[in-house]
Amino acid sequence: MNKILRLVMVGLLVGCTSITANENAVQPVQTEEKSSIPPISQLMIELCNVYFVLDECAIFPEQKHWGEVKEIKIINVSEIKQLAQKKSLQVYVKSQGCYGYYDSPQKEAWYPISKVVLPREGKTAQTKLVDNTVMDVKLREAFVEIDQMDGVLNGGSLYSPDDCTPLEIDS
């Protein structure tokens, strides 16, 4: 019992002791944990002024993309995809591919994160990233492990989009 009490006392004393560092002292370098799984972004988007959105704007569920997502844009895909509607729009993010559609990161390009939509008459369609974070190492390893287990049990990834064909466009 005395040993435990002494250990607790020493822990409290050490924990409360202030340490002053010399400005020239070498500071420890923080390094990011290494993982065999490349970075995965989690993102949610807000989409405004399109026909299927009941209110003016709506936030859409979290999606996963390989790499760090930095940009989002609405693209008129009418000519690219040879669609009859002249104002067919689709939301794209600059990433390294859709998680689940591609097993690993691809080259950085514009990848779709929405179905084709039409703008509301007289309004400009708008989108923005609402939540955009890169998963930390432990979370991404756990996520991939769970997704792979589900894929084995159910025959595919939970997060696979129907189509994740990138567009080659100028920024």
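Being a predicted model, the structure only gives us computed values, none of them experimental.

Definitions and cut-offs
- Residues numbered from 1 in each chain as written.
- Predicted model: local features only at pLDDT ≥ 70, side-chain atom pairs only at ≥ 80, totals over all residues.
- Heavy atoms only, no water.
- Helix = DSSP H or I, 4+ residues; strand = E, 2+ residues; numbered from the N terminus.
- Buried < 20%, exposed > 50% of the residue type's maximum accessible area, 1.4 Å probe, protein only.
- Contact = heavy atoms within 4.5 Å.
- Phe/Tyr/Trp six-rings, centres within 6.5 Å; stacked < 30°, edge-to-face > 60°.
- Disulfide = S-S within 2.5 Å.
- Polar contact = N/O pair within 3.5 Å; in protein donor to acceptor, adjacent residues only side chain to side chain.

A. Structural context of the overall build of the protein chain. For the protein chain, the helix and strand inventory stands at two helices and six strands. In sequence order, the secondary structure elements of the protein chain are arranged as α-β-β-β-β-β-β-α. Residues counted as buried form 31% of the 171 residues belonging to the protein chain. Intrachain contacts of the protein chain at a sequence separation of at least 6 include 67% that bridge at least 24 residues.

B. Inspection of the packing of aromatic side chains at higher detail. Per the counting criterion, the structure on display carries five aromatic pairs. Ring centres 4.9 Å apart and planes at 75° place the aromatic pair Y101 and Y102 in the edge-to-face group. Here Y101 falls in the partly exposed class, since its relative accessible area comes to 33%. Residue classification places Y102 among the buried residues on the basis of a relative accessible area of 17%. Here the aromatic rings of Y102 and Y111 are separated by 5.8 Å at their centres, their planes lie at 75°, and the arrangement is edge-to-face. With respect to class, Y102 is no different from Y111; both count as buried. Chaining the aromatic ring pairs together yields one cluster made of W66, Y99 and F143.

C. Region of the structure containing the state of the cysteines. If you walk through the whole model with that rule in mind, you get two disulfides. With its sulfur 2.0 Å from that of its partner, C48 forms a disulfide with C57. Handedness here is read from the sign of the S-S torsion; for C48 and C57, about 115°, the answer is right-handed. Overall, the relative accessible area of 5% leaves C48 in the buried class. Disulfide connectivity for the protein chain, with bonded cysteines indexed by sequence position, reads 1-2, 3-4.

D. Region of interest: the side chain of S88. You can see S88 is positioned in the loop between β3 (71-76) and β4 (89-95). Relative accessible area serves as the criterion here: at 3%, S88 is assigned to the buried category. A distance of 3.2 Å separates a polar atom in the side chain of S88 from the backbone oxygen of Q85. Residues within four places of S88 in sequence aside, it is in contact with I75, N76, V77, S78, L83, V116, V117 and L118.

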